[in-house]
Amino acid sequence: MKKSAKWFVPLFSLFVMVSFLAGCASVPRLDKSPTSISELREISLGDVGVMWKDAEVLLMDVPLNRELTKNILPFGLCPTDPAMGTLVVVNYPVFPYGNPYHEAILMIHVQTLLGEGWHCAWILVDDDVALIPGRELLGYPKKMGTFTFSGGKAGVQATVKRRGVKLLSVQAKRGAKEEDPAPVFARKTFNVGGLGQMYAISPLLLFNVEEKIKESYKATVHLKMNRSIYDPIAEIISGPPVSARIVKFDILDNDYYFMLWMTGGRDWFLNTFNMRYR
């Protein structure tokens, strides 16, 4: 090895460290930007003490096409038998980082070496601030869409549109109250991406949240979906919802967050490209 090559790595490392320290000392802070992690946490929790308060969500368990589902799952995740997913439409009336917003999600139920959980294959929001942390930190492949949502004691009516296509419209009628409801998002979640992602090869994340369910009701739903090349979820869902419920809840905090192993690969990247990136 040439002498210059021997010195390159330590000199480069020293340069990076000095640059980092100089940057920390010299970069001015913007007005009202957080100056500590504890202050950032206070901003995240807002005036009401939780990041997402009084969220109203419609959850629909739907059967999935098993072969199509296998094609869009990264290495290490397998569909349940039978293949199932949960189609979710949420209204978040309180969000300290930005405006109230809506969300539509397809979560695939998966089996792994670490137990059963679910994986986010597709998700739309209608607020750009809500898009950023979910996509960059938690591996939710969020894209922007257009929503209508009305809730209340009778039930929920919602539509989701993107790129000129009404992807779904749903009417849900509230039924009997559930005394011991299942979790909403407080489940093992396996997502691809987050910190260090390289798109085709990315970390597999495992995380969970703490939540408080305030009320939960069974629901009967009428769901209509349309196909779109940019959001191909209608092809994956193979039948009408087998069950549904309407829930009001708070998301309190993160429970745990781990990076497991690198996953993805060429085939997964190509198979999910439209769903995640277009």
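Residues numbered from 1 in each chain as written. Predicted model: local features only at pLDDT ≥ 70, side-chain atom pairs only at ≥ 80, totals over all residues. Heavy atoms only, no water.

**Q** Before we move on, could you go through the pattern of salt bridges and cite the residues and values that matter?
**A** Pairs can form between side chains of opposite charge whenever their charged atoms are close. The full count for this structure, using the stated rule, is seven salt bridges. Taking the shortest distance from any N to any O, the salt bridge between Lys142 and Glu103 comes out at 3.3 Å. Pair noted here: Lys142 is in strand β6 (residues 142–144) and Glu103 is in strand β4 (residues 101–112), with a separation of 39 residues, a long-range link. One salt bridge in this structure joins Lys143 and Asp231, with 3.0 Å as the shortest N-O distance. Here the residue Lys143 occupies a position in strand β6, and Asp231 occupies one in the loop between β11 (201–225) and β12 (243–264), the gap between them amounting to 88 residues. One salt-bridge network, held together by shared partners, links Asp54, Lys214 and Asp250. (Salt bridge = Lys/Arg side-chain N within 4 Å of Asp/Glu carboxyl O. Helix = DSSP H or I, 4+ residues; strand = E, 2+ residues; numbered from the N terminus.)

**Q** How would you sum up the packing of aromatic side chains? Please name residues and give values.
**A** Within the structure shown, the criterion is met by three aromatic pairs. Seen in terms of ring centroids, Tyr92 and Tyr101 are 4.7 Å apart; in terms of plane orientation they differ by 35 degrees. Their pairing is tilted. For Tyr101, a relative accessible area of 1% gives the class buried. Taken together, the ring pairs connect Trp118, Phe185 and Phe249 into an aromatic cluster. In this arrangement the basic side chain of Arg174 is found over the ring face of Tyr217, its NZ or CZ atom lying 4.2 Å from the centre. We note Arg187 situated over the ring of Trp118; from NZ or CZ to the ring centre the distance is 4.1 Å. (Phe/Tyr/Trp six-rings, centres within 6.5 Å; stacked < 30°, edge-to-face > 60°. Buried < 20%, exposed > 50% of the residue type's maximum accessible area, 1.4 Å probe, protein only. Lys NZ or Arg CZ within 6 Å of the ring centre and 35° of its normal.)

**Q** Go over the side chain of Asn91, please, and point to the residues and values.
**A** Considering the arrangement of structural elements, one finds Asn91 in strand β3 (residues 84–92). A distance of 3.2 Å separates polar atoms of two side chains, one belonging to Asn91 and the other to His102. Among residues more than four places away in sequence, those in contact with Asn91 are Ala55, Glu56, Tyr101, His102 and Phe149. (Polar contact = N/O pair within 3.5 Å; in protein donor to acceptor, adjacent residues only side chain to side chain. Contact = heavy atoms within 4.5 Å.)

**Q** I'd like a rundown of the side chain of Thr159, residues and numbers included.
**A** For Thr159, the position within the fold is in strand β8 (residues 155–162). Non-local contacts of Thr159, meaning those with residues more than four positions away in its chain, are made with Thr146, Phe147, Thr148, Lys166, Leu168 and Ser169.

**Q** Provide a residue-level description of unusual backbone geometry, including the pertinent values.
**A** The omega torsion of the bond from Asp81 to Pro82 falls at 0 degrees, within 30 degrees of zero and hence cis. Position of Pro82 relative to the elements: it lies in the loop between β2 (78–79) and β3. The backbone of Arg163 shows a phi angle near 50 degrees, a positive value even though the residue is not glycine. What makes Arg163 exposed here is its relative accessible area of 52%.

**Q** Just give me the short version of the nonpolar core, but keep the residues and values in it.
**A** Residues Met60, Leu87, Trp122, Leu168 and Met225 are the most contacted members of the largest nonpolar core, which totals 39 residues. Sorting elements by how many residues they give to this core places β11 first, with five residues. Ignoring anything within four residues of it in the chain, the contact list for Leu87 reads Leu58, Leu59, Met60, Val62, Ile105, Leu106, Trp122, Leu168, Leu223, Met225 and Ile237. Ranked by size, the runner-up nonpolar core spans 27 residues in total, among them Met51, Phe95, Met107 and Tyr140. (Core = buried A, V, L, I, M, F, W, Y, C linked by side-chain atoms within 4.5 Å.)

**Q** Go over the confidence of the model for the chain, please, and point to the residues and values.
**A** Mean pLDDT over the chain works out to 79, with 72% of the residues at or above the 70 mark. Highest mean pLDDT in the chain belongs to β2 (95); lowest belongs to helix α1 (residues 3–26) (43). Between residues 1–31, whose pLDDT stays under 50, and residues either more than four places distant or in other chains, the model counts three contacts. (pLDDT = per-residue confidence, 0-100.)

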